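Coordinate analysis (summary)
Spelled out, the chains give:
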Amino acid sequence: MISIKSPEEIEKMRRAGQLTARVLTALGEIIKPGISTMEINDFCDRYIVDTLGAIPGSKGQYGYPYAVNTSVNQVICHGMPASNQLLKKGDIVNVDITVVYEGYYGDSSKMFAIGEISSHAKRLIDVTQSCLYRGIKAVKPGATLGDIGHAIQSHAEKNNYSVVREYCGHGIGNKMHEEPQVMHYGKPGSGLKLEEGMTFTIEPMINQGKPDVKHIKKDGWSIAVTKDRLLSAQWEHTLLVTKSGHEILTLRDEERGQNDL
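As the structure is a prediction and not an experimental result, all values here were calculated from the model.

Focus on the packing of aromatic side chains
Remark: the centre distance and the inter-plane angle together describe each pair of aromatic rings, the angle taken between the planes. Considering all chains together, one arrives at three aromatic pairs under this definition. Where phenylalanine 43 meets tyrosine 47, the ring centres are 5.8 Å apart and the plane angle is 25°; that geometry is what we call stacked. Of this pair, phenylalanine 43 and tyrosine 47 both sit in helix 2 (residues 37-51), four residues apart, which is roughly one turn of the helix. An identical accessibility class is assigned to phenylalanine 43 and tyrosine 47; each is buried. Geometrically, the ring pair formed by tyrosine 64 and tyrosine 66 is edge-to-face, given 5.6 Å between the ring centres and 80° between the ring planes. For tyrosine 66, a relative accessible area of 19% translates into the label buried. Put simply, the rings of Tyr64, Tyr66 and Trp221 pair up and form one aromatic cluster. The ring of tyrosine 185 carries the charged tip of arginine 165 above its face, separated from the ring centre by 4.1 Å.

Some remarks on the nonpolar core
Counting residues in each nonpolar core, the largest one holds 33 residues, and the members touching the most others are Ile148, Leu194, Phe200, Ile202 and Ile206. Sorting the residues of this core by element identifies helix 3 (119-137), helix 4 (145-158), strand 9 (199-202) and strand 14 (237-241) as the ones contributing at least two each. Broken down by element, this core gets its largest block of residues, eight residues, from helix 3. Residues within four places of isoleucine 206 in sequence aside, it is in contact with Leu124, Thr128, Cys131, Ile152, Ala156, Tyr161, Ser162, Val163, Leu231, Ser232 and Ala233. If you look at the next biggest cluster of nonpolar residues, it comprises 24 residues, including Ile35, Tyr47, Val72 and Val95.

Considerations on the sheet that holds strand 6 (residues 162-163)
In a beta sheet, neighbouring strands pair by backbone hydrogen bonds and run either parallel or antiparallel. As summarised here, the arrangement of the three strands in space is 6-10-13, forming an open sheet in which the pairing is antiparallel. Because the sheet does not close on itself, it has two edges, and the strands there are strand 6 and strand 13 (232-234). Most of the contacts of helix 3 go to strand 13, to which it runs at about 40°, and overall it touches strand 10 (205-207) and strand 13.

Description of the packing of helix 1 (residues 7-27) against helix 2
Contact geometry for helix 1 and helix 2: axes closest at 10 Å, N-to-C directions at 135°. The angle between helix 1 and helix 2 falls in the class oblique. Our pair here, helix 1 against helix 2, has a crossing hand that is right-handed. For the pair helix 1 and helix 2, contact is made by Arg22, Val23, Ala26 and Leu27 and by Ile40, Phe43, Cys44, Tyr47, Ile48 and Thr51, respectively. Of the residues belonging to the contact of helix 1 with helix 2, the class tally is eight nonpolar, one polar and one charged.

A closer look at unusual backbone geometry
The omega torsion across glutamate 179 and proline 180 is 5°, close enough to zero to call that bond cis. Tracing the backbone shows proline 180 in strand 8 (residues 178-182). Even without being glycine, tyrosine 62 reaches a positive phi, approximately 60°. On the secondary structure map, tyrosine 62 appears in the loop between strand 1 (55-56) and strand 2 (68-72). Of the residues examined, tyrosine 62 reaches a relative accessible area of 57% and is grouped as exposed. For histidine 78, which is not a glycine, the phi torsion comes out positive at approximately 65°. With respect to the helices and strands, the residue histidine 78 is situated in the loop between strand 3 (75-77) and strand 4 (92-101). For histidine 78, a relative accessible area of 35% gives the class partly exposed.

Some words on the pattern of salt bridges
Once the charged atoms of two side chains with opposite charge are near each other, the side chains can pair. If you walk through the whole model with that rule in mind, you get 12 salt bridges. The salt bridge involving arginine 256 is made with aspartate 253; its shortest N-O contact spans 3.0 Å. The class of arginine 256 is partly exposed, set by a relative accessible area of 46%. Overlapping salt bridges bring together Glu11, Arg14, Arg15, Glu102 and Glu247 as one network.

Considering the layout of surface pockets
Roughly 510 Å³ of internal volume is contained in the largest pocket. Counting only elements with at least two residues in the lining of the largest pocket, the list comes to strand 4 and strand 12 (221-226). The class makeup of the residues in the lining of the largest pocket is eight nonpolar, nine polar and five charged. Its volume calculated, the second largest pocket comes out at about 230 Å³. At the level of secondary structure, the elements contributing two or more residues to the lining of the second largest pocket comprise strand 2, strand 11 (213-218) and strand 12. Broken down by class, the residue content of the lining of the second largest pocket amounts to six nonpolar, five polar and one charged.

Definitions and cut-offs
- Residues numbered from 1 in each chain as written.
- Predicted model: local features only at pLDDT ≥ 70, side-chain atom pairs only at ≥ 80, totals over all residues.
- Heavy atoms only, no water.
- Phe/Tyr/Trp six-rings, centres within 6.5 Å; stacked < 30°, edge-to-face > 60°.
- Helix = DSSP H or I, 4+ residues; strand = E, 2+ residues; numbered from the N terminus.
- Buried < 20%, exposed > 50% of the residue type's maximum accessible area, 1.4 Å probe, protein only.
- Lys NZ or Arg CZ within 6 Å of the ring centre and 35° of its normal.
- Core = buried A, V, L, I, M, F, W, Y, C linked by side-chain atoms within 4.5 Å.
- Contact = heavy atoms within 4.5 Å.
- Pairing = 2+ DSSP bridges.
- Axes fitted to C-alpha atoms, helices over the stretch in contact; angles between N-to-C directions.
- Parallel < 35°, antiparallel > 145°, perpendicular 65-115°, else oblique.
- Left-handed = near helix turned anticlockwise from the far one by under 90°.
- Nonpolar A, V, L, I, M, F, W, Y, C, P; charged D, E, K, R; others polar.
- Salt bridge = Lys/Arg side-chain N within 4 Å of Asp/Glu carboxyl O.
- 1 Å grid on protein atoms, 1.4 Å probe; cavity = no way out; pocket = protein on both sides within 12 Å on 5 of 7 lines; lining within 4 Å.
- Points joined across faces, edges and corners; volume = space filled by probe spheres on them.

So this is what it looks like as structure tokens:
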């Protein structure tokens, strides 16, 4: 069952989304070489609770103990913070944050470059962000989930990258995970038709090499890494289908006015 949000629910999701955006913006001020991924987690946890008066949505979700996921270099998603994991110059890291406010979720992630990174790492980050934006531009009433997936897949493959297929975006509202599942590959015109009031995430994971995933167990959790150990990148936003198109509920100020949005 796909949830169509009421105007009141949309307003709550809009507030939760903007708080989520604020966390990622604030994180950009402190993330640097030498910081540990646990320090990233602790900063975000405190910022969400003490500064925003909100709840870290990931913390306690399915028993997960942390406020964020930190996925470094070849980690595709579900990377776990660790005190002994220090970021160094040249690393790339995705920080995935979920904020609950007034009972509703905002969900977003951003890639961070640690110091000066290689040109091929920067290209992967930039193309992956463009994949997200192209997926977002396909969102409007009457479009399909296949249109979103095709926009992402075609851009990634045109740039000689691959799309991870084991993970997808998801509906979101007063639960972190709702229907529908939003695949990042597909055929135009296929799948669920979008309607005004739907809310979901788009969060493409794009690999530098092959799309194959390997799972590593840690403390009872499964961390996804690239099987060929090449780099992976991911960006995520929470979307609302509006009457005439879409609204990015987790849009950050730094993104406003970008040509490909």
